[in-house]
Amino acid sequence: IGTPKGLDFIELSPDQSMILNHEFYGVEEGFHGGETNRGSAFVDHRGDLWIGTIRGVSRKRDLPPVFNTEPPRLEITNILLADSPVEWSQFQPKWQEGEKFPLSAQFGHNDNHLTFSFRAIDVSAPEAVKYQFMLEGHDRKWGSMTPLSSHSYSSLPHGEYAFKVRSGNGQGIWNEEPVSFAFSIAPPLFLRPWFITLTILITAGIVFLGFRLRLRFLQKEKEILEAKVVERTHELQEEKKKTDELLHNILPHETAVELIESGQAKTRHYESVSVLFSDFKGFTQLSEKLEPNALVNQLDEYFKLFDSNTVKFGIEKIKTIGDAYMCAAGLPNASSNHAQDLVGFAFAMLESVEQLNLKNAEKGLPNWQLRIGIHSGPVIAGVVGDKKFAYDIWGDTVNIASRMESSGSVGQINISEATHVLISDQYECEARGKIKA
């Protein structure tokens with residue numbers, strides 16, 4: 001193409017859609033034809049180029065091919081944040097003097113939609129410029145060559161990024177160093193180190209506080225339980241004490257101890273003991289004259305007087321049956337003086353009845369008349385029952401002692417021959433003869 005300054009050599013693609021190469025040929029390149037007219041060029045059959053100028057005709061043959069060895073001049077032209085211009089002062093930019101955009105910036109968690117625009121200048125063939133770009137931290141490799149001069153990234157996660165772009169001319173010459181822009185997107189609040197640390201500390205504090213509160217609660221529960229255990233233990237001890245006292249009241253001491261320690265009491269045989277029975281003559285008639293409560297109260301007073309002398313004489317109370325009072329001497333601890341002790345106890349019984357009768361007479365109450373019978377011999381003793389314990393004795397000695405009482409006289413102590421043999425050296429006795437028993 002002829003121009004006022006020289007010639008432009010332009011190489012088109014086969015389909016003539018783009019310029020592949022462009023070269024200027026003027027005075028400095030050796031062309032001296034001067035000013036040319038448009039269309040004043042002609043190629044002859046040898047391939048020589050003839051150009052018409054204002055000074056005549058010039059010919060150029062075997063022109064060397066011209067290549068553009070310079071890459072296009074590339075720059076980032078715009079950066080948009082959510083399709084809007086960026087207010088750089090908000091994002092801690094790092095500037096380099098004379099640059100349009102900062103070298104780097106720090107965006108917030110929600111500032112994750114960016115659009116990058118760029119431009120490469122190549123005057124020889126601007127339409128042949130190609131681009132490649134990548135986002136380090138997001139793309140694994142460079143993208144395909146494209147004539148597009150902008151690209152957008154959306155919903156970028158938090159992290160460090162660097163947008164890089166390079167360009168090449170129609171001859172395939174590319175920038176050695178890409179143009180880049182580094183930026184970071186902050187993590188959300190719950191992923192930031194200080195927030196995670198704070199969350200861990202708060203969680204640990206809550207767990208520790210919960211643990212301490214739980215420990216304190218358990219300690220209080222333990223103290224309450226221990227107090228209850230102590231209280232319950234004390235109650236059980238008191239109950240046991242009462243039970244033991246009750247057992248000692250209703251059972252001989254040795255038998256009660258044996259029952260408490262082992263849960264059972266062995267039956268024992270005693271070769272020689274003395275057994276006493278007593279009852280009140282005319283008790284049935286007394287029950288008809290007195291009110292039930294008064295009757296029982298009177299009987300209770302007599303029995304209490306009898307009980308008060310058991311320890312003094314070493315007597316073991318066995319039981320009461322109605323108005324009958326049964327006791328024995330020589331058990332559970334064997335004694336050689338059991339007959340003497342029991343007779344002494346019988347005299348004390350008579351004395352107690354006499355004293356109480358004197359008091360009752362002052363109150364206008366009837367007298368009570370006591371009969372006592374004693375027999376000595378072997379017996380079997382033990383505890384019967386598993387709920388209401390009862391210490392009892394069995395054998396012919398018991399039966400005969402009962403017959404001694406029923407065949408005795410009021411205010412007298414009726415003893416058997418066996419008992420008389422044991423006490424005759426201490427007590428004066430009166431023989432009554434044989435009694436049908």
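A. Empty space enclosed by the protein, seen in detail. Taken as a whole and assessed by the stated rule, the structure comprises 2 cavities of 30 Å³ or more. In this structure, the second largest cavity spans a volume of roughly 30 Å³. Around the second largest cavity sit Leu20, Asn21, His22, Asn68, Asp122, Ser124, Ala125, Asn169, Gly170 and Gln171, which together line it. Classifying every residue of the lining of the second largest cavity by side-chain character gives 2 nonpolar, 7 polar and 1 charged.

B. Structural context of a nonpolar patch on the surface. There is a patch of nonpolar side chains on the surface, built from Leu189, Trp194, Leu198, Ile202 and Ile206 and spanning about 510 Å² of accessible area. With respect to the element layout, Leu198 can be found in helix α1 (residues 193-250). On the basis of relative accessibility, which here comes to 39%, the residue Leu198 falls in the partly exposed class.

C. Structural view of the layout of surface pockets. Here the largest pocket is characterised by a volume of approximately 760 Å³. What lines the largest pocket is a set of 24 residues, and nearest its centre among them are Ile413, Asn414, Ile415, Glu430 and Arg432. Sorting the residues of the lining of the largest pocket by element identifies α6 (338-362), β20 (413-415) and α8 (417-423) as the ones contributing at least two each.

D. How the structure looks around the side chain of Asn360. Checked against the element boundaries, Asn360 lands in helix α6. In terms of polar contacts, Asn360 uses its side chain to reach the side chain of Gln298, at 2.8 Å. Apart from residues lying up to four places away in sequence, Asn360 is in contact with Gln298, Tyr302, Leu365, Pro366 and Trp368.

E. Inspection of the side chain of Asn169 at higher detail. Along the polypeptide, Asn169 turns up in the loop between β13 (159-168) and β14 (179-185). Overall, Asn169 belongs to the buried group, its relative accessible area being 4%. Of note is the side chain of Asn169, whose polar atom sits 2.9 Å from the backbone oxygen of Glu70. A distance of 2.9 Å separates the side chain of Asn169 from the backbone nitrogen of Gln171, its partner in a polar contact. Ignoring any residue separated from it by four or fewer positions in sequence, one finds Asn169 in contact with Asn68, Glu70, Pro71, Pro72, Asp122 and Ala128.

F. Structural view of the pattern of salt bridges. Enumeration according to the criterion identifies 9 salt bridges in this entry. Residue Glu75 pairs with Arg119 through a salt bridge whose shortest N-O separation is 2.9 Å. On the criterion of sequence distance, the pair formed by Glu75 in strand β7 (residues 73-81) and Arg119 in strand β10 (residues 114-121) is long-range, its members being 44 residues apart. A residue is classified by how much of its surface remains accessible, and Glu75, at 29% relative accessible area, is partly exposed.

G. Just the pairing of strand β16 (residues 316-321), in detail. Here 5 bridges tie β16 to strand β17 (residues 324-329), and the two strands are oriented antiparallel to one another. By the bridge assignment for β17, Glu316 is matched with Ala328. Here β16 folds back onto β17, and the loop between the two strands holds 2 residues, one of which, Gly322, carries a positive phi near 65°.

H. Structural view of the packing of aromatic side chains. Inspection of every chain in the model, using the stated rule, returns 28 aromatic pairs. Taking 5.1 Å as the distance between ring centres and 90° as the angle between the ring planes, the aromatic pair formed by Phe280 and Trp368 counts as edge-to-face. In this pair, Phe280 sits in strand β15 (residues 268-281) while Trp368 sits in the loop between α6 and β18 (369-384), placing the two residues 88 residues apart along the sequence. Classification of Trp368 as buried rests on a relative accessible area of 1%. Positioned over the ring face of Trp142 is Arg166, at 4.3 Å from the centre of the ring.

I. Seen up close, α6. Taking 1.5 Å of rise per residue, 25 residues should cover 36 Å, and α6 covers 37 Å from first to last C-alpha, within 8% of that figure. Backbone geometry just after α6 places Gly364 at a positive phi near 80°.

Reading the values: rules and limits
- Residues numbered from 1 in each chain as written.
- Predicted model: local features only at pLDDT ≥ 70, side-chain atom pairs only at ≥ 80, totals over all residues.
- Heavy atoms only, no water.
- 1 Å grid on protein atoms, 1.4 Å probe; cavity = no way out; pocket = protein on both sides within 12 Å on 5 of 7 lines; lining within 4 Å.
- Points joined across faces, edges and corners; volume = space filled by probe spheres on them.
- Nonpolar A, V, L, I, M, F, W, Y, C, P; charged D, E, K, R; others polar.
- Patch = residues over 30% accessible without salt bridge, like charges linked within 9 Å, V, L, I, M, F, W, Y side chains within 5 Å.
- Areas by Shrake-Rupley, 256 points an atom, 1.4 Å probe, with all protein chains shown as cover.
- Salt bridge = Lys/Arg side-chain N within 4 Å of Asp/Glu carboxyl O.
- Helix = DSSP H or I, 4+ residues; strand = E, 2+ residues; numbered from the N terminus.
- Buried < 20%, exposed > 50% of the residue type's maximum accessible area, 1.4 Å probe, protein only.
- Polar contact = N/O pair within 3.5 Å; in protein donor to acceptor, adjacent residues only side chain to side chain.
- Contact = heavy atoms within 4.5 Å.
- Pairing = 2+ DSSP bridges.
- Phe/Tyr/Trp six-rings, centres within 6.5 Å; stacked < 30°, edge-to-face > 60°.
- Lys NZ or Arg CZ within 6 Å of the ring centre and 35° of its normal.
- Expected span 1.5 Å × (residues − 1).

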